[in-house]
Amino acid sequence: MKKYKRYSAGFKEQALVKVYSRGNNQSIQSVADELNINLTTLKTWMKQNEQDVNKPAPPKSKRPEDWSPGPGFESLTPHQ
């Protein structure tokens, strides 16, 4: 049975920074070799990162203090 090595999120992030900031004379394979990881693993991380970057951000929910009073809320607000 093949044993898989688990990498920390920090290691993955550092590996991606290294591969994206490499010079024109350095290949992805050489970065993988330098980090002692499989080329396919590094490319999978790159693909996942691209998908995460292109994923739309979830809508931000408003805080209760940002809500505007709508119909039916007049009776709940104090009259001045």
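Residues numbered from 1 in each chain as written. Predicted model: local features only at pLDDT ≥ 70, side-chain atom pairs only at ≥ 80, totals over all residues. Heavy atoms only, no water.

Comments concerning the overall build of the protein
1) Next: Broken down by element type, the protein carries 3 helices and 0 strands.
2) Next: Secondary structure elements in the protein, listed N-terminal to C-terminal, are α-α-α.
3) Next: Considering the protein as a whole, with its 80 residues, one finds that 14% of them fall into the buried category.
4) Next: Of the contacts formed within the protein by residues at least 6 apart in sequence, a portion of 46% connects residues at least 24 apart.
5) Next: Total accessible area on the protein stands at roughly 7500 Å², and carbon and sulfur atoms take up 53% of it. (Helix = DSSP H or I, 4+ residues; strand = E, 2+ residues; numbered from the N terminus. Buried < 20%, exposed > 50% of the residue type's maximum accessible area, 1.4 Å probe, protein only. Contact = heavy atoms within 4.5 Å. Areas by Shrake-Rupley, 256 points an atom, 1.4 Å probe, with all protein chains shown as cover.)

Some points on the packing of aromatic side chains
1) Next: By the definition in use, this model includes 3 aromatic pairs.
2) Next: Where tyrosine 7 meets phenylalanine 11, the ring centres are 5.2 Å apart and the plane angle is 15°; that geometry is what we call stacked.
3) Next: Given the relative accessible area of 23%, tyrosine 7 is considered partly exposed.
4) Next: Here phenylalanine 11 and tryptophan 45 contribute two aromatic rings whose centre-to-centre distance is 6.2 Å and whose plane-to-plane angle is 85°, an arrangement assigned as edge-to-face. Here phenylalanine 11, found in helix H1 (residues 9-20), pairs with tryptophan 45, found in helix H3 (residues 39-54); they are 34 residues apart in sequence, far enough to count as distant.
5) Next: Here the aromatic residues Tyr7, Phe11 and Trp45 are joined through ring pairs into a cluster of three or more. (Phe/Tyr/Trp six-rings, centres within 6.5 Å; stacked < 30°, edge-to-face > 60°.)

Notes on unusual backbone geometry
Both trends apply: most residues other than glycine have a negative phi, and most peptide bonds are in trans.
1) Next: Phi at asparagine 36 is positive, roughly 60°, even though this residue is not glycine.
2) Next: The exposure class of asparagine 36 is exposed, given its relative accessible area of 67%.

A word on H3
1) Next: Spanning 16 residues, H3 covers 23 Å between terminal C-alpha atoms, matching the ideal 22 Å at 1.5 Å per step.
2) Next: Taken as a whole, H3 has its buried residues at Leu42, Trp45 and Met46. All buried residues of H3 project into a common sector of 100° when viewed along the axis, lining one side. Exposed side chains of H3 directed beyond 90 degrees from the buried face belong to Thr40, Lys47, Gln51 and Asn54.
3) Next: Structurally, H3 contributes buried residues whose contacts are with H1 and helix H2 (28-35).
4) Next: The N-cap residue of H3 is asparagine 38: its side-chain oxygen and the backbone nitrogen of threonine 40 are 2.7 Å apart. (Expected span 1.5 Å × (residues − 1). Arc of directions from axis to C-beta. Polar contact = N/O pair within 3.5 Å; in protein donor to acceptor, adjacent residues only side chain to side chain.)

Side note on the packing of H1 against H2
1) Next: Interhelical geometry of H1 versus H2 gives an angle of 145° and a closest axis separation of 10 Å. Our pair here, H1 against H2, has a crossing hand that is right-handed. Residues Phe11, Ala15, Lys18 and Val19 of H1 lie in contact with H2, whose contacting residues are Ile28, Val31, Glu34 and Leu35.
2) Next: When its residues are assigned to classes, the contact of H1 with H2 shows 6 nonpolar, no polar and 2 charged. (Axes fitted to C-alpha atoms, helices over the stretch in contact; angles between N-to-C directions. Left-handed = near helix turned anticlockwise from the far one by under 90°. Nonpolar A, V, L, I, M, F, W, Y, C, P; charged D, E, K, R; others polar.)

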